[in-house]
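# Overview (structure and organization)
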Amino acid sequence: MRRLLFLVVACTVLGLATFGITMQRPAQQPTPNADPYANNAAPGATAFPLAAPAGKDSNARTVAPPGAVNQGPFDASKWKYGHGFDAPAGSKIWNPVKLKMMQGGKVTGGTVFSSTDPYTYCAMANAGYDFIWTEMQHDARDWEAVARMWRACPNAKAVPGVRVAYTDEREIQHALDAGALVVVVPTIDSLQEAIDARNWAYFPPLGRRSNGGGQAFDPAMWGNVPGGYRNTINDNIVLILMIETLEGLKDADEIAKVPGVTAVFAASGDLGNFSGYRQGSPDYERAINIVHDAAIKANVRLCGPFAWRDRPDFSCFQAGSELAAIARGVADELGSLANTQGKPEVGPFARPKP
């Protein structure tokens, strides 16, 4: 009995000591969270000294609270954007693709065209590419499948990237909230469409992206990057606009100059599709050169298919799909043993009869 009493007393003292140590620890900042509503500290106990009086018109549209930067009548066109979301002084680029582009290097995107399997995605992401071009324009998978793949290996060698279906707030917002660091927008036909793509890709003041959360904010993705995701992502996004049509060629110079555009992509297939000429013909090459000249004049990067990696001034490329990579890899591995399967005379694997 005495021993039991001693153990109870000892546990009590130890518990009080631990409680005391815990109470003396300084409050820690909440861990970055994908849910913007998760960090509601002390609900029901927050004071609102600048709140409008209950049931009364505060006249806020005409008169600013004491100490406000924006004084006088409210005017959205003259609003001075605050510094609450500035990147910390001296912040460095943490997206390796953006860094490599800024340094003038050539970047390659391996295409994950149809797979929804995280293991296949991660194998491609660790194969040596700079980013993964996840295809959402010409494939039927959904964003949930894409998010699952990106979440499986966020720190792979290649960062998550995507070609969205079209210039659209939902498409681009889904991509970024899921963690995309490279966003490719197809079929940009006009200056206004380029501005719209930029607006959905960037947070204010450069764009109009909504701060709604998503797995990009999770510590397992980008929530713990130096300076914080919200404050630094505008400096780390790579936005590539594809010029594919005659209308896009008409506005190519203006499209490339839109602030926030990292690169323009001379669409090898669709510039032929929309012009009616094939690669090598004078009219086709003229179209490609219009995109080239727009990139040079705007001082942005110039992208194209991997087959153009030696074409002058091209420094950003879309490489083959996961299916093509498997076929090439097997051919390289097997060498002379590739495609030497046995040839039975009967059954489903028999040679076709002449």
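See the structure printed just above.
Residues numbered from 1 in each chain as written. Predicted model: local features only at pLDDT ≥ 70, side-chain atom pairs only at ≥ 80, totals over all residues. Heavy atoms only, no water.

Across its full length, the protein chain carries 12 helices and 8 strands. Residues counted as buried form 39% of the 354 residues belonging to the protein chain. Sequence-distant contacts, at least 24 apart, represent 64% of the contacts inside the protein chain between residues at least 6 apart. (Helix = DSSP H or I, 4+ residues; strand = E, 2+ residues; numbered from the N terminus. Buried < 20%, exposed > 50% of the residue type's maximum accessible area, 1.4 Å probe, protein only. Contact = heavy atoms within 4.5 Å.)

Over its 13 residues, helix 12 (residues 322-334) runs 18 Å from end to end, which matches the ideal 18 Å to within 8%, given 1.5 Å per residue. Taken from the residues just after helix 12, Gly335 is the one with a positive phi, measuring 60 degrees. (Expected span 1.5 Å × (residues − 1).)

This paragraph deals with the nonpolar core. Most often, soluble globular proteins have nonpolar side chains that are buried together. Ranked by size, the top nonpolar core spans 83 residues in total, and within it Tyr121, Trp150, Val185, Ile240, Leu241 and Val264 carry the most contacts. A total of 7 residues in this core trace back to one element, the largest contributor, which is helix 11 (residues 282-298). Among residues more than four places away in sequence, those in contact with Val185 are Val164, Tyr166, Thr167, Ile172, Ala197, Leu239, Ile240, Leu241 and Met242. (Core = buried A, V, L, I, M, F, W, Y, C linked by side-chain atoms within 4.5 Å.)

Looking now at the packing of helix 5 (residues 169-177) against helix 6 (residues 191-201). Two measures define how a pair of helices packs: the angle their axes make with one another and the distance between the axes. In contact at an axis separation of 9 Å, helix 5 and helix 6 are set at 35 degrees when each is read in the N-to-C sense. Relative to helix 6, the crossing made by helix 5 is right-handed. Here Glu169, Ile172 and Leu176 of helix 5 lie close against helix 6, whose contacting residues are Ala197, Trp200 and Ala201. Across the contact of helix 5 with helix 6, the residue classes tally to 5 nonpolar, no polar and 1 charged. (Axes fitted to C-alpha atoms, helices over the stretch in contact; angles between N-to-C directions. Left-handed = near helix turned anticlockwise from the far one by under 90°. Nonpolar A, V, L, I, M, F, W, Y, C, P; charged D, E, K, R; others polar.)

Turning our attention to helix 3 (residues 118-125). For helix 3, every residue scored as buried is listed here: Tyr121, Cys122, Met124 and Ala125. Buried residues in helix 3, looked at end-on, bunch into an arc of 160 degrees, giving them a common side. At its buried positions, helix 3 is contacted by strand 1 (107-112), strand 2 (131-135), helix 4 (143-152), strand 3 (159-163), strand 8 (316-321) and helix 12. (Arc of directions from axis to C-beta.)

What follows is about the packing of aromatic side chains. This structure, assessed with the given rule, holds 6 aromatic pairs. Aromatic pair Phe74 and Trp79: ring centres 5.7 Å apart, planes at 55 degrees, arrangement tilted. For Phe74, a relative accessible area of 46% puts it in the partly exposed group. The ring of Phe85 carries the charged tip of Arg230 above its face, separated from the ring centre by 4.3 Å. The ring centre of Phe203 lies 4.3 Å from the NZ or CZ of Arg230, which sits over that ring. (Phe/Tyr/Trp six-rings, centres within 6.5 Å; stacked < 30°, edge-to-face > 60°. Lys NZ or Arg CZ within 6 Å of the ring centre and 35° of its normal.)

Where helix 10 (residues 268-275) contacts helix 11, the two axes come as close as 10 Å, and the packing angle between them is 125 degrees. Our classification of the angle between helix 10 and helix 11 gives oblique. The way helix 10 lies across helix 11 gives a crossing that is right-handed. Where helix 10 approaches helix 11, its residues Ser268, Leu271 and Gly272 are matched on the opposing element by Tyr284, Ile288 and Val291. Tallied by class, the residues present in the contact of helix 10 with helix 11 amount to 4 nonpolar, 2 polar and no charged. (Parallel < 35°, antiparallel > 145°, perpendicular 65-115°, else oblique.)

To continue, consider the pattern of salt bridges. The tally for this structure, following the rule as stated, stands at 8 salt bridges. Its salt-bridge partner being Asp253, residue Lys297 comes within 2.8 Å of it at the nearest N-O pair. Taken as a pair, Lys297 in helix 11 and Asp253 in helix 9 (residues 252-256) lie far apart in primary sequence, 44 residues in all. For Lys297, a relative accessible area of 53% gives the class exposed. (Salt bridge = Lys/Arg side-chain N within 4 Å of Asp/Glu carboxyl O.)

Our next topic: the state of the cysteines. A full pass over the atoms with the stated rule returns 2 disulfides. Shown here is the disulfide that connects Cys122 with Cys153, its sulfur atoms set 2.2 Å apart. Torsion about the S-S bond of the Cys122 and Cys153 cystine: about -105 degrees, corresponding to left-handed handedness. Linking Cys122 in helix 3 with Cys153 in the loop between helix 4 and strand 3, this pair joins segments that are 31 residues apart in sequence. (Disulfide = S-S within 2.5 Å.)

In this section: the pairing of strand 3. Burial analysis of strand 3 places 5 of its 5 residues in the buried class, the great majority of the element. In terms of handedness, the path from strand 2 via helix 4 over to strand 3 forms a crossover that is right-handed. Bridge analysis of strand 3 against strand 4 (residues 182-185) gives 3 bridges, and the strand direction is parallel. Residue pairing in the sheet places Val162 in a bridge with Val183 of strand 4. With helix 5 bridging strand 3 and its parallel neighbour strand 4, the resulting β-α-β unit is right-handed. (Right-handed = clockwise from strand over helix to strand, strands pointing away. Pairing = 2+ DSSP bridges.)

Residues Pro204 and Pro205 are joined by a peptide bond in cis, for which omega reads 10 degrees. The phi dihedral of Asn59 falls on the positive side, at around 65 degrees, and the residue is not glycine. With respect to the helices and strands, the residue Asn59 is situated in the loop between helix 1 (2-24) and helix 2 (96-102). On the accessibility criterion, Asn59 (38% relative accessible area) is partly exposed.

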